[in-house]
Amino acid sequence: MASPVTEAEVVRVRVAGKINLALRCGPLREDDYHELATVFQAVSVFDEIEARWAEPGVFSVRVVGEQAALVPTDGSNLAVRAARLLGERFAKDPVGVELVIHKSIPVTGGMAGGSADAAGALLACSVLWDLDVTPDEMRDLGALLGADVPFCLTGGTALGTERGDQLAPVLSRGTYHWVLAFSHQELSTPEVFAKADELGLADDDLTVPAGLLNALVGGDPVALGERLVNDLQPAALALRPELSELLEAGEEFGAVGAVVSGSGPTVAFLAANESAAIDLSVRLSNDGICRSVKRVSGPVPGARLLT
Ligand code: C5P
C-alpha cells in the first residue's frame with residue numbers, strides 16, 4: 001500500500017475532457033434529467049488538480065488558466081463539492097483541502113470540464129486523505145455530483161446510458177486525431193437541453209448506430225466520421241447559429257467528420273490521420289472563425305495520479 005501523504009506534500013491528478021461520438025437524447029425524466037445513450041471518448045485536453053493539506057473544515061480552490069475567471073471559487077465549485085462529499089462519506093476524522101485547478105478544458109464548452117475537475121478532486125483527495133474507496137464507490141459518488149463525472153474517472157471510450165452515468169466499455173481500436181474548435185461564448189447545458197425539448201428533438205429512439213460501434217472496432221476514422229451523431233446539435237445551432245458556419249468550414253478544410261461536442265459550443269472535427277489533423281488545425285486557425293483550435297487525440301485514460 002502507498003504510504004500516506006505528509007502535510008507538506010501535494011497530490012497531483014491529471015484528468016481529460018470528453019467528446020461525445022454519439023449522443024441520443026430521450027425524454028425528460030422525473031428527476032429533470034434526460035434519458036441518454038451516448039458514446040464518450042476521452043481526448044487529450046487535460047485539467048490538472050493539485051490537492052494540499054488544509055485545516056479540518058477548510059475547503060478552498062484557486063483556478064488558473066486562460067478561462068479561470070469563468071470558474072466559481074466558492075462552495076459551488078464542483079471540485080470543492082466533490083472534496084466535501086468525499087470527506088463526509090469516507091473520512092473517519094474531519095478533513096480539509098486546498099485545491100488548485102489548472103484549466104485547459106474549455107469552461108461550459110460541452111467537454112465535461114467541471115465534471116473532470118470533480119473527478120480529479122475525488123481521486124486527489126482520496127490519496128491526500130489516505131481513504132479506502134473502491135473505484136465503484138468513487139464512480140457512485142461521482143454520479144451524485146454530475147452525470148459525466150463517472151466517465152471522467154474512467155476515461156477511454158464508453159457507452160453511457162440512463163443519465164449518461166451508467167457506463168459500459170466500448171471496444172475501440174487505434175488512435176483518433178481530432179481538432180477541437182473552441183468558441184468565444186459558452187453555452188449553458190440546461191439551456192441546450194431545454195431548447196432540444198422545445199424543438200421536439202428528444203424521442204424514444206436511443207439507438208447508437210451499429211456502424212459507429214463497428215467503425216470503432218475497426219479503427220476506421222472515415223467510417224466513424226460519417227456516423228458521428230448528436231441529437232442536441234440542432235438545439236446548440238439554434239442558440240448559436242454561427243456554429244453552422246464553423247461546421248461547414250471544417251468539412252471544407254478536409255475533416256472526415258464534424259460534430260458539436262455534448263451540449264456545445266465546442267466542435268470536434270475528426271481527421272483521417274495525424275498529418276491531416278495538423279493541416280486542418282492550421283487552416284481552421286488561419287480562418288479565425290473560432291476562439292482557438294487544439295489538436296488532440298483519443299481515447300486517453302480518465303483521472304490519473306501524477307507522480
Ligand atoms: O449532471 P450535470 O450537472 O452535468 O448536468 C447539467 C444539466 O444538464 C442538468 O441539470 C440537466 O439540465 C442537463 N442534463 C440533462 N440530462 C442528462 C444530463 C444533463 O437534462 N442526462
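Since this is a predicted model, take the numbers as computed values, not measurements.

Draft legend 1. Looking closely at a negative patch on the surface. A contiguous patch of negative charge on the surface is contributed by E242, E245, E248, E251, E252 and D287. When residues in the negative patch are grouped by element, the largest group, five residues, is from helix α9 (residues 242-252). You can see E245 is positioned in helix α9.

Draft legend 2. Region of the structure containing the layout of surface pockets. In this structure, the largest pocket spans a volume of roughly 1000 Å³. Where the lining of the largest pocket is concerned, the elements lending two or more residues are β1 (10-28), β2 (34-53), α1 (78-90), α2 (113-128) and α5 (189-198). Broken down by element, the lining of the largest pocket gets its largest block of residues, five residues, from α5. A per-class count over the lining of the largest pocket returns 22 nonpolar, 16 polar and eight charged. Shared between two domains, the lining of the largest pocket holds at least three residues of each, these being domain 1 (11-169) and domain 2 (176-298).

Draft legend 3. Inspection of α9 at higher detail. Within the sequence span of α9, burial applies to L243, L246, L247, A249 and G250. Around the axis of α9, the buried residues are gathered within 160° of arc, so they sit on the same side. Across from the buried face of α9, at angles greater than 90 degrees, the exposed residues are E245, E248 and E252. Just beyond α9, the residue with positive phi is G254, at close to 105°.

Draft legend 4. Representation of the site of the ligand. Around the ligand sit D32, Y33, H34, L36, G146, A147, R163, T189, P190 and F193, and those are all the residues in its vicinity. The contact in question runs from an oxygen atom of the ligand to an N or O atom on the side chain of Y33, over 2.8 Å. Coverage of the ligand by the protein chains reaches 75% of its 450 Å² of free accessible surface. Taken atom by atom, the bulk of the ligand overlaps the largest pocket. Taken together, the elements giving at least two residues each to the shell around the ligand come down to β2 and α5. A class-by-class count of the residues in the shell around the ligand yields five nonpolar, three polar and two charged. Residue contributions to the shell around the ligand reach at least three from each of two domains, namely domain 1 (11-169) and domain 2 (176-298).

Draft legend 5. Fine view of the nonpolar core. Formed by 69 residues in total, the largest nonpolar core has its most connected members in L21, V97, L99, L122, W129, W178 and L224. Among the elements that take part in this core, α2 stands out by supplying nine residues, more than any other. Each of domain 1 (11-169) and domain 2 (176-298) accounts for three or more of the residues forming this core. Not counting the four nearest positions on each side in its chain, L99 is found in contact with I49, E50, A51, S60, V61, R62, A79, V80, A83, A121 and C125. By size, the runner-up hydrophobic cluster in this structure holds 28 residues, among which are C25, F193, A196 and L280.

Draft legend 6. Geometry of the sheet that holds strand β7 (residues 176-182). Overall, antiparallel pairing links the four strands, which are arranged β9-β10-β7-β11 in an open sheet. Edge positions in the sheet fall to β9 (257-260) and β11 (292-298), since each of these pairs with one other strand and no more. On average, each strand axis in the sheet is tilted by 25° relative to the strand beside it, whichever way the strands run. Pairing between β9 and strand β10 (residues 267-271): four bridges, direction antiparallel. Paired with G257 across the bridge in β10 is L270. In this fold α9 packs onto β7, β9 and β10, with an angle of close to 10° to the strand it touches most, β10.

Draft legend 7. Quick look at the domain arrangement of the protein. Domain parsing of the protein yields domain 1 (11-169) and domain 2 (176-298). Using C-alpha coordinates to define each centre, domain 1 is positioned 23 Å away from domain 2. The interface is formed by 32 residues belonging to domain 1 together with 40 residues belonging to domain 2. Where domain 1 meets domain 2, there are three salt bridges. A salt bridge links E66 to R291; the nearest nitrogen and oxygen atoms lie 3.2 Å apart. Joining domain 1 to domain 2, the criterion identifies 17 residue pairs in polar contact (both at pLDDT 80 or more).

Draft legend 8. Looking closely at the side chain of R24. Among the secondary structure elements, R24 is positioned in strand β1. R24 gets classed as buried once you look at its relative accessible area, which sits at 12%. Reaching out from R24, the side chain makes a polar contact with the backbone oxygen of D205 at a distance of 3.5 Å. The contact partners of R24, leaving out residues within four places of it in the chain, are E35, L36, A37, D205, L206, T207, V229 and D231.

Draft legend 9. Spatial organisation of the environment of F90. Its location among the elements puts F90 in helix α1. A C-alpha to C-alpha distance of 21 Å links F90 and V61, two positions 29 residues apart in sequence. Setting aside residues up to four positions removed in sequence, F90 forms contacts with L131, D132, V133, E137 and L141.

Analysis parameters
- Residues numbered from 1 in each chain as written.
- Predicted model: local features only at pLDDT ≥ 70, side-chain atom pairs only at ≥ 80, totals over all residues.
- Heavy atoms only, no water.
- Patch = residues over 30% accessible without salt bridge, like charges linked within 9 Å, V, L, I, M, F, W, Y side chains within 5 Å.
- Areas by Shrake-Rupley, 256 points an atom, 1.4 Å probe, with all protein chains shown as cover.
- Salt bridge = Lys/Arg side-chain N within 4 Å of Asp/Glu carboxyl O.
- Lys, Arg positive; Asp, Glu negative; His and termini not counted.
- Charge placed at Lys NZ, Arg CZ, Asp CG, Glu CD.
- Helix = DSSP H or I, 4+ residues; strand = E, 2+ residues; numbered from the N terminus.
- 1 Å grid on protein atoms, 1.4 Å probe; cavity = no way out; pocket = protein on both sides within 12 Å on 5 of 7 lines; lining within 4 Å.
- Points joined across faces, edges and corners; volume = space filled by probe spheres on them.
- Nonpolar A, V, L, I, M, F, W, Y, C, P; charged D, E, K, R; others polar.
- Domains from an automatic or database assignment.
- Buried < 20%, exposed > 50% of the residue type's maximum accessible area, 1.4 Å probe, protein only.
- Arc of directions from axis to C-beta.
- Near = heavy atom within 4 Å.
- Polar contact = N/O pair within 3.5 Å; in protein donor to acceptor, adjacent residues only side chain to side chain.
- Sits in = over half its atoms within 2 Å of the grid points.
- Core = buried A, V, L, I, M, F, W, Y, C linked by side-chain atoms within 4.5 Å.
- Contact = heavy atoms within 4.5 Å.
- Pairing = 2+ DSSP bridges.
- Axes fitted to C-alpha atoms, helices over the stretch in contact; angles between N-to-C directions.

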